[in-house]
Amino acid sequence: MSEQEIIERVRKIKRADLTKHRNPDFKIRIVPDDQVEWIWVADMFQRIRQAREAGRPIVLILPNPSHTYRKLACLINRCRIPCDHLHTFNMDEYADEKGNIAPESWPLSFMNSTKKFLYRAIDPDLRPPEKQIQGPTTKNIRDYGKMIADLGNADACYSGPGWTGHLAFIEPDAPEFQGDLKTWMKMGPRVVTLSPFTIAQNSLHGFFGMSGDLAAVPPRAATIGPAEVIASKYRMDFHALTTMGTPVSWQRMVSRLVCHGPVTPRVPTSVHQLLKTDLYLSESIAQDIEPHW
């Protein structure tokens, strides 16, 4: 089947057929738009609480930090869950054109957000040690995968595809992530060149003014590799991004490629099709793809 035929096939997949997949461990569910965030928050909170009760550490790989983490912190505070057993690893971070990874002191860095919306939002007497809130840095990027593996690998990895189908910042066209599928699946953390499509996508984010300001978005990034995702004991992937709550979404088409296209490094998030993953589609993303005029 040619690439054009593949694209046309997945474009025609109707909502009613999106949840069907040959891998029974790859579970696709369609849920209301306003439930997606809470499914994620509830899962994180339950895992943190259960690990605390069992007297064991919990290791989470987290996506681009946002105000969602305030909700997690609120639950932790209200239920008085001590989090000294919690270890978090940001899955990615921005970098400049020379590969210097953004420090926490840069206001738009992911670690800055993690500390603001999660770490400092947890009551001081319940917070984990600050050293257990980790992100990729210029100093640790070579050992970042080992840092996670030394803790027994992640108990859970949370993610969602970008416009390119990227997983974390594992880009399909990054020269740093080239190789056949078998080789690619073993690749670990590194600094990568961002796709022009990812830069365009991120220029629409609130961090960068939501105005297509391409020059404001860093051109490179540090990221975990497919190896860290695959090694995780549990995976949850979310497809729920629209343009400021409108019916418009760049994610609707790539979501279909992720769920029902070929498993390939050219659509990095498609690797979930081979794994045990809970994937949640919002109703907005599950809508049929059809012209409006």
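The structure under discussion appears in the preceding block.
Just so it is clear, the structure is predicted and the values come from calculations on it, not from any experiment.

**Q** Go over the overall build of the chain, please, and point to the residues and values.
**A** Along its length, the chain carries 10 helices and 10 strands. Here the C-alpha atoms of the chain give a radius of gyration of 18 Å, agreeing with the 19 Å that 2.2 N^0.38 yields for 293 residues. Dimensions along the principal axes, computed over C-alpha positions, put the chain at roughly 55 × 40 × 40 Å. The buried share of the chain, reckoned over its 293 residues, is 52%. Residue pairs in contact within the chain that sit at least 24 positions apart in sequence constitute 76% of those at least 6 positions apart. Approximately 13,700 Å² of the chain is accessible, and the part contributed by carbon and sulfur atoms is 55%. In the chain, the 36 positive side-chain charges and the 33 negative ones have mean positions that sit 4 Å from each other.

**Q** Tell me what's going on with the packing of helix α3 (residues 68-79) against helix α4 (residues 110-119), and back it up with residues and numbers.
**A** Relative orientation of the contacting elements α3 and α4 amounts to 35 degrees, with a least axis distance of 7 Å. Residues Y69, R70, L72 and A73 of α3 touch α4, and the partners they reach there are K116, F117 and L118. Within the contact of α3 with α4, the residues separate by chemical class into 5 nonpolar, no polar and 2 charged.

**Q** Tell me about the nonpolar core, residues and numbers included.
**A** In terms of nonpolar packing, the biggest core is built from 29 residues, with I61, Y94, I148, F169 and I224 touching the most fellow members. In this structure, I61 is in contact with F89, M91, I148, A154, A156, C157, Y158, I224, E228 and S232, ignoring residues within four places of it in sequence. Membership of the second largest hydrophobic core comes to 28 residues, among which are M44, F117, L118 and F238.

**Q** Go over the packing of helix α1 (residues 3-11) against helix α9 (residues 251-260) with me, naming the residues and quoting the values.
**A** For the pair α1 and α9, interaxial distance at closest approach is 9 Å and the crossing angle is 105 degrees. Of the possible angle classes, the one that applies to α1 and α9 is roughly perpendicular. Touching I6, I7, R9, V10 and R11 of α1 are M253, R256, L257 and H260, all from α9. Looking at side-chain class alone, the contact of α1 with α9 contains 5 nonpolar, 1 polar and 3 charged residues.

**Q** Just give me the short version of unusual backbone geometry, but keep the residues and values in it.
**A** What you tend to see is this: most non-glycine residues have negative phi, and most peptide bonds are trans. At R80, a position not held by glycine, the phi torsion is positive, near 55 degrees. Positionally, R80 belongs in the loop between α3 and β3 (86-90). Located in the positive-phi region is N153, a residue other than glycine, with phi close to 70 degrees. Looking at where N153 falls in the secondary structure, it is placed in the loop between α5 (144-149) and β6 (156-159). When its relative accessible area of 26% is taken as the criterion, N153 is described as partly exposed.

**Q** Residues and numbers for the packing of aromatic side chains, please.
**A** The final tally for this structure, using the stated rule, is 12 aromatic pairs. Here the aromatic rings of Y94 and F110 are separated by 4.8 Å at their centres, their planes lie at 50 degrees, and the arrangement is tilted. Of the two residues, Y94 is situated in strand β4 (residues 92-95) and F110 in helix α4; the sequence distance between them amounts to 16 residues. Ring geometry for Y94 versus F169: centroids 5.7 Å apart, planes at 45 degrees, classification tilted. Within this pair, whereas Y94 is found in strand β4, its partner F169 is found in the loop between β6 and α6 (181-184), the two being separated by 75 residues in sequence. Like F169, Y94 is buried. Every member of this aromatic cluster is reached through a ring pair, and the members are Y94, W106, F110, F169, F207 and F208. Sitting over the face of the ring of Y234, R47 holds its NZ or CZ atom 3.9 Å from the ring centroid. Directly above the ring of Y119 sits R127, whose terminal nitrogen or CZ lies 5.2 Å from the centroid.

**Q** Describe the sheet that holds strand β9 (residues 235-239), and please don't skip the residues or the numbers.
**A** Reading across the sheet, the 7 strands line up as β1-β10-β9-β6-β2-β3-β5 and stay open at both edges, with parallel pairing between neighbours. The sheet terminates laterally at β1 (26-31) and β5 (133-134), the two strands that pair on one side only. In this structure, β6 lies alongside β9, joined through 3 bridges in parallel fashion. Its bridge partner being in β9, S159 is matched across the sheet by D237.

**Q** Just give me the short version of the layout of surface pockets, but keep the residues and values in it.
**A** Each pocket or cavity is described by its volume, and for the largest pocket that value is around 1,500 Å³. What lines the largest pocket is a set of 40 residues, and nearest its centre among them are N64, S66, H205, A240 and L241. Here the lining of the largest pocket gets 4 residues from one element, more than from any other, and that element is helix α2 (residues 33-54). A per-class count over the lining of the largest pocket returns 21 nonpolar, 16 polar and 3 charged. Considered as a void within the structure, the second largest pocket measures approximately 530 Å³ in volume. Contributing to the lining of the second largest pocket are 16 residues, with I7, T164, L257, R266 and V267 lying nearest its centre. Breaking the lining of the second largest pocket down by element, the ones donating at least two residues are α1 and α9. When the residues that make up the lining of the second largest pocket are grouped by side-chain class, the tally is 10 nonpolar, 3 polar and 3 charged.

What counts as what
- Residues numbered from 1 in each chain as written.
- Predicted model: local features only at pLDDT ≥ 70, side-chain atom pairs only at ≥ 80, totals over all residues.
- Heavy atoms only, no water.
- Helix = DSSP H or I, 4+ residues; strand = E, 2+ residues; numbered from the N terminus.
- Rg over C-alpha atoms; globule rule 2.2 N^0.38 Å.
- Buried < 20%, exposed > 50% of the residue type's maximum accessible area, 1.4 Å probe, protein only.
- Contact = heavy atoms within 4.5 Å.
- Areas by Shrake-Rupley, 256 points an atom, 1.4 Å probe, with all protein chains shown as cover.
- Lys, Arg positive; Asp, Glu negative; His and termini not counted.
- Charge placed at Lys NZ, Arg CZ, Asp CG, Glu CD.
- Axes fitted to C-alpha atoms, helices over the stretch in contact; angles between N-to-C directions.
- Nonpolar A, V, L, I, M, F, W, Y, C, P; charged D, E, K, R; others polar.
- Core = buried A, V, L, I, M, F, W, Y, C linked by side-chain atoms within 4.5 Å.
- Parallel < 35°, antiparallel > 145°, perpendicular 65-115°, else oblique.
- Phe/Tyr/Trp six-rings, centres within 6.5 Å; stacked < 30°, edge-to-face > 60°.
- Lys NZ or Arg CZ within 6 Å of the ring centre and 35° of its normal.
- Pairing = 2+ DSSP bridges.
- 1 Å grid on protein atoms, 1.4 Å probe; cavity = no way out; pocket = protein on both sides within 12 Å on 5 of 7 lines; lining within 4 Å.
- Points joined across faces, edges and corners; volume = space filled by probe spheres on them.

Honestly, it's all geometry; don't read function into it.
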